[in-house]
Amino acid sequence: MRLFHYAKDEEIKAGKTTDIYFVRTKQVLEAKGLDKLRVVAEVTPGEIHRGWSWGILCGIEEEARLFEGYPVDVYAMPEGSIFYHGDHKGVREPVMIIEGPYGDFCLLETPLLGLLCQSSGVATRAARIKKLTSEKIVVAFGIRRMHPVLSPMIDRAAYIGGFDGVSSLMGAETVNVEPSGTMPHALIIVFEDQVKAWKGFDEVMPREVPRVALVDTYFDEKIESIMAAEALKDRLYAVRLDTPGSRKGDFAEIVREVRWELDVRGYNHVKIFVSGGLNEETVKVLSDAGADAFGVGTAVSNAPTIDFAMDIVAVEGRLSAKRGKLGGKKQVWRCQKCLTDIVQTFDEPQPRCPHCGGKTEPMLRLLVKNGKIVAKLPRPREIREYVLEQIGNLTLE
Ligand code: PCP
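### Section: the environment of D341
Right, so step 1: Residue position: D341 is located in strand β15 (residues 341–345).
Right, so step 2: It is 52 Å that separates the C-alpha atoms of D341 and A229, two residues lying 112 residues apart in sequence.
Right, so step 3: Once you skip the residues sitting within four places of it in the chain, D341 turns out to touch Y84, D87, H88, E93, V332, W333 and R334.
Right, so step 4: Reaching out from D341, the side chain makes a polar contact with the side chain of R334 at a distance of 2.7 Å.

### A closer look at the site of the ligand
Right, so step 1: Around the ligand, a shell composed of F141, R144, R145, P184, H185, R240, D242, G276, G277, L278, G297 and T298 is seen.
Right, so step 2: Within the contact set of the ligand, an oxygen atom lies 3.4 Å away from a side-chain nitrogen or oxygen of R144.
Right, so step 3: The backbone of G277 places a nitrogen or oxygen atom 2.7 Å from an oxygen atom of the ligand.
Right, so step 4: For the ligand, whose accessible area on its own is 490 Å², the fraction buried by protein is 77%.
Right, so step 5: Tallied by class, residues from the shell around the ligand come to three nonpolar, five polar and four charged.

### Description of the domain arrangement of the chain
Many descriptions give the size of an interface as the accessible area lost when the pieces come together.
Right, so step 1: Partitioning the chain into domains gives domain 1 (9–120 + 304–391) and domain 2 (126–301).
Right, so step 2: The C-alpha centroid of domain 2 is placed 37 Å from the C-alpha centroid of domain 1.
Right, so step 3: With 18 residues of domain 1 at the interface, the matching set in domain 2 holds 20 residues.
Right, so step 4: Summed over both partners, the interface of domain 1 with domain 2 buries about 1,600 Å², with 59% contributed by carbon and sulfur atoms.
Right, so step 5: Seen at the junction of domain 1 and domain 2, the total is three salt bridges.
Right, so step 6: For E61, the salt bridge identified is with R156, shortest N-O distance 3.3 Å.
Right, so step 7: Our enumeration of links across domain 1 and domain 2 arrives at six residue pairs in polar contact (both at pLDDT 80 or more).
Right, so step 8: Looking at the side of domain 1 that touches domain 2 element by element, the count peaks at seven residues for helix α15 (residues 380–391).
Right, so step 9: The residue makeup of the side of domain 1 that touches domain 2, split by class, is nine nonpolar, three polar and six charged.

### Re the nonpolar core
Right, so step 1: Counting 62 residues, the largest nonpolar core has F163, V239, L241, V274, L286, F294 and V296 as its most contacted members.
Right, so step 2: Those residues in contact with F294 that lie beyond four places of it in its chain are T133, K136, I137, V138, V139, F273, V274, L278, V283, L286 and S287.
Right, so step 3: Counting 48 residues, the second largest nonpolar core, distinct from the first, contains L66, M77, C117 and I306.

### Topic: the sheet that holds strand β16 (residues 360–362)
Right, so step 1: The strand order β15-β14-β16 describes an open sheet built from three strands, whose pairing is antiparallel. Strand pairing shows two members of the sheet lacking a second neighbour, β15 and β16, which therefore form its edges. Neighbour to neighbour, the strand axes of the sheet diverge by 30 degrees on average, direction disregarded.

### Looking at the packing of aromatic side chains
Right, so step 1: Taken as a whole, this structure holds five aromatic pairs when the rule is applied.
Right, so step 2: Consider the rings of Y102 and F105, whose centres lie 5.5 Å apart with planes at 80 degrees: the pair is edge-to-face. Taken together, the residues Y102 and F105, both in helix α4 (residues 102–105) and three residues apart, mark about one turn of the helix. Both residues of the pair, Y102 and F105, belong to the buried class.
Right, so step 3: The aromatic ring of Y6 is capped on one face by R2, whose charged end is 5.6 Å from the ring centroid.
Right, so step 4: Between K329 and the ring centre of F346, over which it is positioned, the NZ or CZ distance is 4.1 Å.

Parameters and conventions
- Residues numbered from 1 in each chain as written.
- Predicted model: local features only at pLDDT ≥ 70, side-chain atom pairs only at ≥ 80, totals over all residues.
- Heavy atoms only, no water.
- Helix = DSSP H or I, 4+ residues; strand = E, 2+ residues; numbered from the N terminus.
- Contact = heavy atoms within 4.5 Å.
- Polar contact = N/O pair within 3.5 Å; in protein donor to acceptor, adjacent residues only side chain to side chain.
- Near = heavy atom within 4 Å.
- Areas by Shrake-Rupley, 256 points an atom, 1.4 Å probe, with all protein chains shown as cover.
- Nonpolar A, V, L, I, M, F, W, Y, C, P; charged D, E, K, R; others polar.
- Domains from an automatic or database assignment.
- Buried area = accessible area lost by both parts, 1.4 Å probe.
- Salt bridge = Lys/Arg side-chain N within 4 Å of Asp/Glu carboxyl O.
- Core = buried A, V, L, I, M, F, W, Y, C linked by side-chain atoms within 4.5 Å.
- Buried < 20%, exposed > 50% of the residue type's maximum accessible area, 1.4 Å probe, protein only.
- Pairing = 2+ DSSP bridges.
- Axes fitted to C-alpha atoms, helices over the stretch in contact; angles between N-to-C directions.
- Phe/Tyr/Trp six-rings, centres within 6.5 Å; stacked < 30°, edge-to-face > 60°.
- Lys NZ or Arg CZ within 6 Å of the ring centre and 35° of its normal.

Pasting the structure below:
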């Protein structure tokens, strides 16, 4: 018996989470002797949310695990790569190619898309928020909004996208960092006294846990911030403002006021951590107002998914694509200087960048060869660094 509604690894690998029409397709192809025809299938993104011009590719490690043991070759962009809807001419660009007998992998279309669409959506949103807050600290607080079985995936994607910390224990373990968090209102309410709660936290928690006092439970944020600073003095690392919607008014003004009142009392060392309903618009405004750290929940964990689709583009070497898609196996070449992409047929020679003349490199690299994972799977920390390096050169349009 299963306590929660989720699919196990082996069920996903066996295609149990697929859509029924792929099962029927497989049955028909087998009955007609067509299931062993070798196809090239490519995965391309539809329009990226709200016309955003780039996304962050996430889920490639899981794709490698999904296809491991299947008689197919898989090429993919490295995890953490930015991708565009189209190249410099608007030609839709593949992020992944699967080559092999269609009947052997058609059941995997649904899970392969699911692995990419959601995590890339989360990583893309995280990268955008990280870019808006530049060097400041951003922590993923959103796992409570999603099914708990997804918390490692969501926190990993947020971290890869550039977030500095994640709140879930399993998410933190997945990306090999310490989990990040402060204190909930519950702690203060059970004490029925915010000062006793902050002091209790300070007394009990090991030294390495930053003292971040939640300062919006009973009184005004300004008053509670001063109370927290006076109670914990130099040990207070930050105050957290999770001002409820009913009191928020002008949240940026509250941040400016708290900063001022702490500073004039000599508590310049105390940082301001904000959370509660933050999104791309508010993090920028709050950052400009003086917030030093951000806890972002729903905006990242419930990020819009990326609309990836898988399409067959060749059958037994013959070009064959549906309306709206381009036939043939392709390569995506990326300028190493300006990140311009050029989509060509797979075997065409390496182009120069049409914009700056820079050197290009092939982005679709062999991940799985006849069922064996052949690429090195980088650690989350390395993927995150790769993301931060790329987004430093991009705008948010
Ligand atoms: C924070 C806030 C939001 C959470 C984090 C962030 O929780 O109230 O619910 O998610 P969001 O970006 O989707 O709003 P706490 O202040 O720790 O909540 P509580 O004390 O009520 O547990």
